[in-house]
Amino acid sequence: MTKHRSTADRLLAISDLLDQDEELLDELEGLLLVCAGRSERLSPAAVARDTPLSREAATDLFRQLSECGVVHREGYETELVEARFRVEGTRTREIFDQTREAIQIVDAHRERVPTTDVTPLVTFPDDPAFGTTTAASYGMDGLLSTLASQAKRCEREIILLSPFFEGGGLGRLADVLLDALERGVEVTIVTRYLSDPDSHNYGVITSFSERAAERGVSSHLSLVDYTVWDEDTPPQKRTQGGENPRFTLHAKVMLFDSRAAYVGSANVTDYGFDRYLELGVLLEGAKVSSFRELCLFLLESDGAVPVSV
């Protein structure tokens, strides 16, 4: 499928991988031109080491640059992230100039017409059949790396809705969430069974809350239980192992300030982030406000109960 993509599509893909960041574009162009001038070889791993790009994003970038004739792989004895590429200096200048023009055109369009960008996200199953498959093979981004990257950019607010949490899953996001709390970002976690001290969610989130307290940032962390029971359900049955709630949440949403929202199938578990096939999208732009307004409505409802752990 990649062979049939137009140069314009590849330019847009490159600009998206760089998050429309012209400073990063300049940095990468300089790195490529230095290698071209010195007849040195370059790998995605080296780019990930020397720039803000993740290894996955650097690998995807080299795929696009290879299709554009900017880089040429030499040898096939290693994985793509470690493979070494020869750089064409003249082609580098041409493609990076065209990418700058593409970024400017997209920015001008966004200023005139409010739009919503949609990035497909995926977690591949821990299945040998998917061993050589990458998100870029299907025009997607990795789920966990995208969530972590978005959390790192937040300045004001993160809202995380998920019905199920597990230590390994939350652990994969814990550091970026704790760093966000240290920056003064207000982090709100909404889940079910959080009022049940014997529930799995309670144990996992309590552990995270204790880490926040140790770092002195728990004042920016809010925990909310949305599990509404029938009035005739006895208290001893209002537990994870008791009766089914009358109302609760099954949605998986993560909001980043008012600019981006993840919506998908993955719970905050090791299975959701690394072992099962999970699909979702990252929305950026006009439609994000709809999800934020709905989340705020939920948080203000009678069934949303703040919890101290």
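Our subject in this report is the structure included herewith. Small disclaimer: the values here were computed from a predicted structure and weren't measured.

What follows concerns the side chain of Ser199. Turning to its location among the elements, Ser199 is positioned in the loop between strand E6 (186-191) and helix H8 (200-214). There is a polar contact of 3.1 Å between the side chain of Ser199 and the backbone nitrogen of Tyr202.

On inspection of all chains with the given rule, the structure shows 19 salt bridges. Salt-bridge contacts for Glu157 lead to Arg292; the nearest nitrogen and oxygen are separated by 2.8 Å. Placement of the pair is Glu157 in strand E5 (residues 157-161) and Arg292 in helix H10 (residues 288-300), with a sequence separation of 135 residues. In this structure, Arg172 and Asp270 form a salt bridge, with 2.9 Å as the shortest nitrogen-oxygen distance. Within this pair, whereas Arg172 is found in helix H7 (residues 167-182), its partner Asp270 is found in helix H9 (residues 270-275), the two being separated by 98 residues in sequence. Taken together, the shared-partner salt bridges in this structure form one network comprising Asp26, Glu29, Asp97 and Arg100.

Next up on the list: the packing of aromatic side chains. Under the criterion given, the structure shown has 5 aromatic pairs. Relative to Tyr138, the ring of Phe124 has its centre 6.3 Å away and its plane inclined at 50°; by these criteria the two rings are tilted. In this pair, Phe124 is assigned in the loop between strand E3 (116-123) and strand E4 (141-142) and Tyr138 in the loop between E3 and E4, connecting sequence segments 14 residues apart. For Tyr138, a relative accessible area of 55% gives the class exposed. Plain terms: the ring middles of Tyr193 and Trp229 are 6.3 Å apart, the flat faces sit at 45° to each other, and that makes the pair tilted. Separated by 36 residues along the polypeptide, Tyr193 in the loop between E6 and H8 and Trp229 in the loop between strand E7 (221-228) and strand E8 (247-248) bring together distant segments of the chain. Each member of the pair Tyr193 and Trp229 is classed as buried. Members of the aromatic cluster, each reached through a chain of ring pairs, are Phe124, Phe130 and Tyr138.

Below, the discussion takes up the packing of H7 against H8. In the contact formed by H7 and H8, the axes pass within 10 Å of each other and the chain directions differ by 30°. As summarised for this structure, H7 and H8 are arranged roughly parallel, according to the angle between their axes. Helix-helix and strand crossings are classified by hand; for H7 and H8 the assignment is right-handed. Of the residues in H8, those touching H7 at Gly167, Leu170, Ala174, Asp175, Leu177, Leu178 and Leu181 are Val204, Phe208, Arg211 and Ala212.

Of note, Tyr193 is a non-glycine position whose phi angle comes to about 60°, a positive value. Its relative accessible area of 8% is what places Tyr193 among the buried residues.

What follows covers H8. End to end, H8 covers 22 Å across 15 residues, agreeing with the expected 21 Å (1.5 Å per residue, within 8%). Buried within H8 we find Asn201, Val204, Ile205, Thr206, Phe208, Ser209 and Ala212. Where H8 is buried, its residues touch H7, E6 and E7. Phi for Gly216, located one or two positions after H8, is positive at around 70°.

Take the nonpolar core next. By size, the foremost hydrophobic cluster in this structure holds 38 residues, and its most contacted members are Ile158, Phe208, Met254, Phe256 and Tyr262. Among the elements of the structure, helix H6 (143-153), E5, H7, E6, H8, E7, strand E9 (252-256) and strand E10 (260-264) are those that each provide at least two residues to this core. Looking at this core element by element, the count peaks at 8 residues for H7. Once residues lying within four places of it in the same chain are set aside, the contact partners of Tyr262 are Leu121, Leu143, Leu147, Lys252, Val253, Met254, Phe256, Leu279, Gly280, Val281 and Leu282.

Calculation notes
- Residues numbered from 1 in each chain as written.
- Predicted model: local features only at pLDDT ≥ 70, side-chain atom pairs only at ≥ 80, totals over all residues.
- Heavy atoms only, no water.
- Helix = DSSP H or I, 4+ residues; strand = E, 2+ residues; numbered from the N terminus.
- Polar contact = N/O pair within 3.5 Å; in protein donor to acceptor, adjacent residues only side chain to side chain.
- Salt bridge = Lys/Arg side-chain N within 4 Å of Asp/Glu carboxyl O.
- Phe/Tyr/Trp six-rings, centres within 6.5 Å; stacked < 30°, edge-to-face > 60°.
- Buried < 20%, exposed > 50% of the residue type's maximum accessible area, 1.4 Å probe, protein only.
- Axes fitted to C-alpha atoms, helices over the stretch in contact; angles between N-to-C directions.
- Parallel < 35°, antiparallel > 145°, perpendicular 65-115°, else oblique.
- Left-handed = near helix turned anticlockwise from the far one by under 90°.
- Contact = heavy atoms within 4.5 Å.
- Expected span 1.5 Å × (residues − 1).
- Core = buried A, V, L, I, M, F, W, Y, C linked by side-chain atoms within 4.5 Å.

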